[in-house]
Amino acid sequence: MLFRSESAEDGEELLAKLGALTARARELAETQRSRVELAVALQHGMLPRDLPSAPGVRLAVGYMPANHGLNVGGDWYDAFTMADGRIGLSIGDVQGHNIQAAAFMGQVRVALRALASVTGDPGELLARTNDLLVSLDSDLFATCTFLRLDPATGTLECARAGHIPHIWATADGRSGVDEGEGGPPLGVLHGAMYPVTCQRLTLGGVFVLPTDGVVEGPSLDLDDGLRQVRRLAEVTAAAGLGVETLAGGVMKLADSVGHEDDAAVLVVGHDGDTSWRRTPGA
């Protein structure tokens, strides 16, 4: 009888311990779920509600937050009218998959907008933003592409901070991947420089700015992903299907790469509006 009593007591103690562990696991899961929900809310709150407009210029975006398991990233896109009437365009990706990454994303986006009132040059803007982020002494960093578009001429000035290259295509069937030299990610090296390259947004042409979650994952390597986006851009521009169609096609590609990361894309196009002013030789 003593043996049976001790066995019953041991069983009850084990059940009590299992119950406590289960309750603790549920509590931790609920806490993490709340953090993910907060981070996703932060991400959406930081993204622009409206996109700027100009004669002939068309913008389209796609965004898909990481929602696999308890991951959450820090991808962003932004577009705004600058003081001189040009349009500032940025897209980027913060290292990490947690609420800190989402918060850091907000800091980068706000810094870019604020410093754009001081300088519109994409290279100088990234350099100033980088030095500001380095001074914050954070363990995080961000990759970023910043473009300045002149709606009057179609001139696009681009600077990259460790970000994947953008893709371009024209209405006559030409396309390519940006080969301009870039600088290091933002927030890593004080005094870093960011070279600026210039391109032209032609009638019916498009530029596609993706994050790596769009073109790279377990089911797709980066080079193949860029080639697929290039093909989408080429077909869309040649057929005149519009930037919304292209952005949708790119996001479908992102959904197929098997990633656990955020995915974002910003598409810039010119729809052939006759009010577009062209410079000689454009």
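Because the structure is a prediction, the values reported are computed rather than measured. (Residues numbered from 1 in each chain as written. Predicted model: local features only at pLDDT ≥ 70, side-chain atom pairs only at ≥ 80, totals over all residues. Heavy atoms only, no water.)

Below, the discussion takes up the pattern of salt bridges. Within this structure, the stated rule accounts for 10 salt bridges. For the salt bridge of R227 with D224, the shortest nitrogen-to-oxygen distance reads 2.2 Å. One end of the pair, R227, and the other, D224, are both in helix α5 (residues 222-239), three residues apart, so they sit about a helical turn from each other. A salt bridge links R231 to E234; the shortest N-O distance between them is 2.8 Å. Placement of both R231 and E234 in helix α5 is noted, with a separation of three residues, approximately one turn of the helix. (Salt bridge = Lys/Arg side-chain N within 4 Å of Asp/Glu carboxyl O. Helix = DSSP H or I, 4+ residues; strand = E, 2+ residues; numbered from the N terminus.)

Another point: the sheet that holds strand β4 (residues 142-149). Read from one edge of the open sheet, five strands run β2-β3-β4-β5-β8, paired in antiparallel fashion. This sheet does not close on itself; its edge strands, each paired only once, are β2 (75-81) and β8 (197-200). Put simply, the sheet's adjacent strands are angled 20° from each other on average, direction ignored. Judged from the seven bridges that link them, β2 and strand β3 (residues 87-94) form a sheet pairing that is antiparallel. Pairing of D75 across the sheet is with D93, part of β3. Taken strand by strand, helix α2 (residues 99-115) contacts β2, β3 and β4, and its axis lies near 20° from that of β2. (Pairing = 2+ DSSP bridges. Axes fitted to C-alpha atoms, helices over the stretch in contact; angles between N-to-C directions. Contact = heavy atoms within 4.5 Å.)

Per the counting criterion, the structure on display carries two aromatic pairs. Judged by centre distance (6.3 Å) and plane angle (50°), the ring pair of F80 and F146 falls under tilted. Of the two residues, F80 is situated in strand β2 and F146 in strand β4; the sequence distance between them amounts to 66 residues. (Phe/Tyr/Trp six-rings, centres within 6.5 Å; stacked < 30°, edge-to-face > 60°.)

Averaged over the chain, the pLDDT score is 83; the fraction of residues at 70 or greater is 75%. With pLDDT under 50 throughout, residues 274-282 is counted as low confidence; its partners more than four residues away or in other chains account for 17 contacts. (pLDDT = per-residue confidence, 0-100.)

At their nearest, the axes of α5 and helix α6 (residues 243-254) sit 10 Å apart, and the two run at 155° to each other. As the angle between them shows, α5 and α6 are arranged roughly antiparallel. When you trace α5 past α6, the crossing you get is right-handed. Judged by residue contacts, G225, Q228, V229, L232, A233 and T236 of α5 engage L246, G249, V250 and L253 from α6. For the contact of α5 with α6, a count of residues per class yields six nonpolar, four polar and no charged. (Parallel < 35°, antiparallel > 145°, perpendicular 65-115°, else oblique. Left-handed = near helix turned anticlockwise from the far one by under 90°. Nonpolar A, V, L, I, M, F, W, Y, C, P; charged D, E, K, R; others polar.)

Take the environment of A127 next. Mapped onto the fold, A127 is located in helix α3 (residues 122-135). Spatially, the C-alpha atoms of A127 and G187 are 9.8 Å apart, while their sequence positions differ by 60 residues. With residues near it in sequence (within four places) discarded, A127 still touches A192 and Y194.

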